[in-house]
Amino acid sequence: MTRPDSLSSSFPSGAGFRPAGGFLVIGLGAMAVLLVMLWLNPTWLSGPADAFPRATLWQAVVAGVAAPLIFGGAYHLLPVLSGLPLWSGHLPWVHLVLHTAGLAWVVAGLAGMAWAQGPVGGWLVYTGVLVFVVNQQATVSRMSLWEPANIIFSTALFWLVVGGAFAVVPGASTLLPLAQGDPDVLIATEMVIGLHGVVLPALFAAALKALPMFLVTRLRLTGLAWAGWLVLNAGLLLLVAG
């Protein structure tokens, strides 16, 4: 059983600690930049959801603010909660480079630069997402795959791949029947997948790992909790399938 006093010694030794800091800096910095850009250009929030720059702005919020904060937190906490180093200490750096380059491309497109209007930025960001998922899942797989926290975390990674594709990969949204021809529905669907498919399950999995460290007891999911998890994932699958 991992003791609470071991937590402090785990933070600086994780392979993803420095990339985690980089992602947190990117997320907070991008938030500040986007707020300034919106203050200078308030009309960006008006008009059709699929019109430039509103569509690019949404992509910048996802790739520039939400995703880096999630990645930074995951790289920082997974080694602490699992008691294991990351599967690869190099992949977080690869992910950071890919994400930074892709985000710079997206921001350049938002600034109106003609060379940055293509799909390169989205693909770079999404490639980084896949690198992140491979490293996280490989780390989790070194533990018992059938522990509730690991199962829930793995499904959160699955929905990150799905939701990330819809959010940042140009053309991927055409595979979502529900949002055909309606960008506002697409954005709402991405938000539902991100919140209910990724963020909340990841927090739940982290709680299942962290609480026993402090309570010195083992948490067990009841049948009702498992039923809720199954219903949630079934609902998300139906949402994506339309």
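What counts as what
- Residues numbered from 1 in each chain as written.
- Predicted model: local features only at pLDDT ≥ 70, side-chain atom pairs only at ≥ 80, totals over all residues.
- Heavy atoms only, no water.
- Helix = DSSP H or I, 4+ residues; strand = E, 2+ residues; numbered from the N terminus.
- Contact = heavy atoms within 4.5 Å.
- Areas by Shrake-Rupley, 256 points an atom, 1.4 Å probe, with all protein chains shown as cover.
- Core = buried A, V, L, I, M, F, W, Y, C linked by side-chain atoms within 4.5 Å.
- Buried < 20%, exposed > 50% of the residue type's maximum accessible area, 1.4 Å probe, protein only.
- Phe/Tyr/Trp six-rings, centres within 6.5 Å; stacked < 30°, edge-to-face > 60°.
- pLDDT = per-residue confidence, 0-100.
- Patch = residues over 30% accessible without salt bridge, like charges linked within 9 Å, V, L, I, M, F, W, Y side chains within 5 Å.
- Salt bridge = Lys/Arg side-chain N within 4 Å of Asp/Glu carboxyl O.
- Polar contact = N/O pair within 3.5 Å; in protein donor to acceptor, adjacent residues only side chain to side chain.

Student: Explain the overall build of the protein chain residue by residue, including any values.
Tutor: Tallying secondary structure elements over the protein chain gives eight helices and zero strands in all. Listed by position from the N terminus, the elements making up the protein chain come as α-α-α-α-α-α-α-α. Partitioning the contacts of the protein chain with sequence separation of at least 6, the portion at a separation of at least 24 is 75%. As displayed, the protein chain has an accessible area near 12100 Å², and 74% of this comes from carbon and sulfur atoms.

Student: Residues and numbers for the nonpolar core, please.
Tutor: Nonpolar side chains tend to gather and get buried jointly when the protein is soluble and globular. Counting 36 residues, the largest nonpolar core has Phe71, Tyr75, Phe132, Trp159 and Leu160 as the members making the most contacts within it. If you list the elements that add at least two residues to this core, you get α2 (17-40), α3 (54-82), α4 (91-110), α5 (120-140), α6 (148-168), α7 (183-215) and α8 (223-241). Among the elements that take part in this core, α6 stands out by supplying ten residues, more than any other. If you look at the next biggest cluster of nonpolar residues, it comprises six residues, including Leu57, Ala60, Val65 and Val106.

Student: Tell me what's going on with the environment of leucine 124, and back it up with residues and numbers.
Tutor: Relative to the elements of secondary structure, leucine 124 occurs in helix α5. For leucine 124, a relative accessible area of 25% gives the class partly exposed. Each C-alpha atom of the pair leucine 124 and tryptophan 105 lies 8.9 Å from the other, and the pair is 19 residues apart in sequence. Sequence-distant contacts of leucine 124, defined by excluding residues within four places in its chain, comprise Leu98, Ala101 and Gly102.

Student: With reference to specific residues and values, describe the packing of aromatic side chains.
Tutor: With the rule as written, the count across this model stands at five aromatic pairs. Summarising the aromatic geometry, the rings of phenylalanine 158 and tryptophan 159 are spaced 4.9 Å apart at their centres and angled 70° between planes, so their arrangement reads as edge-to-face. We classify phenylalanine 158 as partly exposed; its relative accessible area is 44%. Judged by relative accessible area, tryptophan 159 falls into the buried class, the value being 2%. Counting every residue linked through ring pairs, the aromatic cluster contains Phe23, Phe71, Tyr75 and Phe132.

Student: Tell me about the environment of valine 94, and please be specific about residues and values.
Tutor: Tracing the backbone shows valine 94 in helix α4. Overall, the relative accessible area of 39% leaves valine 94 in the partly exposed class.

Student: Describe the confidence of the model for the protein chain, with residues and values.
Tutor: With 70% of its residues at a pLDDT of 70 or more, the protein chain has an overall mean of 75. Mean pLDDT in the protein chain bottoms out at helix α1 (residues 7-10), which sits at 39, and peaks at α5, which reaches 88. Note on residues 1-13: pLDDT under 50 across the span, and twelve contacts to partners over four residues away in sequence or across chains.

Student: Could you give an account of the side chain of histidine 95, with specific residues and numbers?
Tutor: Within the secondary structure, histidine 95 is located in helix α4. The exposure class assigned to histidine 95 is buried, which follows from its relative accessible area of 0%. Discounting chain neighbours no more than four positions away, the residues touching histidine 95 are Phe23, Phe71, Tyr75, Gly128, Val129, Val131 and Phe132.

Student: I'd love a proper account of a nonpolar patch on the surface, names of residues and values included.
Tutor: On the surface, Leu24, Leu28, Met31, Leu35 and Leu69 cluster together into a nonpolar patch covering about 420 Å² of accessible area. Its location among the elements puts leucine 69 in helix α3.

Student: Hey, could you go over the side chain of threonine 155 for me, with residue numbers and the actual values?
Tutor: Mapped onto the secondary structure, threonine 155 falls in helix α6. Side chain to side chain, threonine 155 and tryptophan 229 meet in a polar contact 3.5 Å long. The contacts of threonine 155, once residues within four sequence positions are left out, are Gly197, Trp229 and Asn233.

Student: Give a detailed account of the environment of glutamate 147, specifying residues and quantitative values.
Tutor: Along the chain, glutamate 147 turns up in the loop between α5 and α6. Separated by 58 residues in sequence, glutamate 147 and alanine 205 place their C-alpha atoms 9.9 Å apart.

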